[in-house]
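Observations on the three-dimensional arrangement
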Amino acid sequence: MKNDKIILGIETSCDETAVALVKNGTEILSDVVASQIESHKRFGGVVPEIASRHHVEQMTMVLEEAIEEAKVEWEDIDAIAVTEGPGLVGALLVGVNTAKALAFAKQKPLVGVHHIAGHIYANRFEREFEFPLLALIVSGGHTELVLMKEHGDFKLIGETLDDAAGEAYDKVARMLDLPYPGGPEIDRLAALGEETIDFPRAWLSEDSYDFSFSGLKSAVINKIHNAKQRGETLKKEDIAASFQASVIEVLTTKTLRAAKEKNVKQVIVAGGVAANRGLRAEMQTQFERAEIPLLIPPLSLCTDNAAMIAAAGTIAFEQGKRDCLDLNANPSLELI
Ligand code: KG4
Ligand code: ZN
């Protein structure tokens, strides 16, 4: 009798075609990611049509590589977990249809996973969760504070009212003529610059856990325009450092306040922007001072991957979640 649970995860919500095999939700057997960044770079952002087409082209190869690398046979695999949303609908459909075809052909249970649950569970490869737990998810499409009382139980306590943090990074990067994706570029420049510009911090109401980045983005755009009109030159490094300082201060302060007010045992930072060196450093300093354990996944697990989907799928599978072959991609799936 085999007790180990081996879950195959599939992720195609944006511009990464990814398949992974995970044992018991905590051990990565394989984690293959085919990034499309090079194809989208010349357009300055992800082009949905191109993303879908690449997923179709890459999927079989990525799947075969993940299975081969994990050294498992189909009979060892207990279930297929797939990102059902949120994301780009055409991109999601490729993953969902692949998962459904495999579930049907190989007679395996199918488990739909929320992309954000995946980002949170990327941390479980590092350390076992302790509840209540607070997760800050910061990516190209999301900026959310999620409170978890137990496995699989997600309560949204704060979110962005406009742009996501990663989106703000990407838009500001475009203003500075930096290549896509802008986050890593601004991160790099910020480390070389100084906070010479006092950009606004969007605190919203005093007790709010929500975020807003569109005002900051406009402030950066205005600053660049005004400088141009006056014939002044601003250092890109200083704009990056000043912009990043605003983002980091708001993210860190609100997360810390929520962690204290909700009396949590652990805090998680997840999503692509969790790769940001400035954010990681500030979070580590602040949470060490507050003596609240902080988990941030290694860089490779911050951005989109399928190991995180398999990890979240393992919990859902163990809790009895099963989807039928009519599972559909849901671009605006709620986290519940
Ligand atoms: O989680 P992710 O790979 O995809 C989404 O689900 O959106 O996040 C991608 C986002 C992009 O906006 C990218 O610019 C941002 O994460 N990002 C960063 C860094 N690395 C990636 N933002 C700031 N600093 C970074 N080092
Ligand atoms: Zn993501």
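Preceding this paragraph is the structure being described.
Here's a quick rundown of the structure. The shown structure was predicted, so the numbers you read here are calculated from the model rather than taken from an experiment.

For soluble globular proteins, nonpolar side chains are generally found buried alongside one another. Within the largest apolar cluster, 48 residues are counted, with the highest numbers of intra-cluster contacts made by Leu134, Phe243 and Val269. Within the residue set of this core, elements represented by two or more residues are strand 6 (133-138), strand 7 (143-148), helix 5 (165-175), helix 6 (182-190), helix 7 (214-229), helix 8 (236-261), strand 9 (266-270) and helix 9 (277-289). Here the element with the most residues in this core is helix 8; it accounts for eleven residues. Those residues in contact with Phe243 that sit more than four places away from it in its chain are Ala168, Tyr169, Val172, Ile186, Phe199, Leu216 and Val220. With 37 residues, the next largest nonpolar core counts Leu133, Ala135, Met148 and Ala306 among its residues.

Moving on, we get to the site of ligand 1. Around ligand 1, the structure places 19 residues, and the nearest of them are Gly140, Asp170, Asp187, Gly272 and Asn276. Between ligand 1 and the protein, one listed contact pairs an oxygen atom with a backbone N or O atom of Gly141 at 3.4 Å. Contact between ligand 1 and Gly183: an oxygen atom at 3.0 Å from a main-chain N or O atom of the residue. About the coverage of ligand 1: the protein hides 89% of its 550 Å² of free accessible area. Only helix 4 (115-121), helix 5 and helix 6 provide two or more residues apiece to the shell around ligand 1. Taken together, the residues that form the shell around ligand 1 break down as five nonpolar, eleven polar and three charged.

In total, this model carries five aromatic pairs according to the counting rule given. Ring geometry for Tyr121 against Phe129: centres 5.0 Å apart, planes inclined by 40°, an arrangement best described as tilted. Note on Tyr121: relative accessible area 1%, which makes it buried. By way of ring pairs, the aromatic residues Tyr121, Phe129, Phe131 and Phe154 are connected into one cluster. Here Lys254 stacks its cationic end above the ring of Phe211, 5.8 Å away from the centre of that ring.

Thresholds applied
Residues numbered from 1 in each chain as written. Chains lettered and ligands numbered in written order. Predicted model: local features only at pLDDT ≥ 70, side-chain atom pairs only at ≥ 80, totals over all residues. Heavy atoms only, no water. Core = buried A, V, L, I, M, F, W, Y, C linked by side-chain atoms within 4.5 Å. Buried < 20%, exposed > 50% of the residue type's maximum accessible area, 1.4 Å probe, protein only. Helix = DSSP H or I, 4+ residues; strand = E, 2+ residues; numbered from the N terminus. Contact = heavy atoms within 4.5 Å. Near = heavy atom within 4 Å. Polar contact = N/O pair within 3.5 Å; in protein donor to acceptor, adjacent residues only side chain to side chain. Areas by Shrake-Rupley, 256 points an atom, 1.4 Å probe, with all protein chains shown as cover. Nonpolar A, V, L, I, M, F, W, Y, C, P; charged D, E, K, R; others polar. Phe/Tyr/Trp six-rings, centres within 6.5 Å; stacked < 30°, edge-to-face > 60°. Lys NZ or Arg CZ within 6 Å of the ring centre and 35° of its normal.

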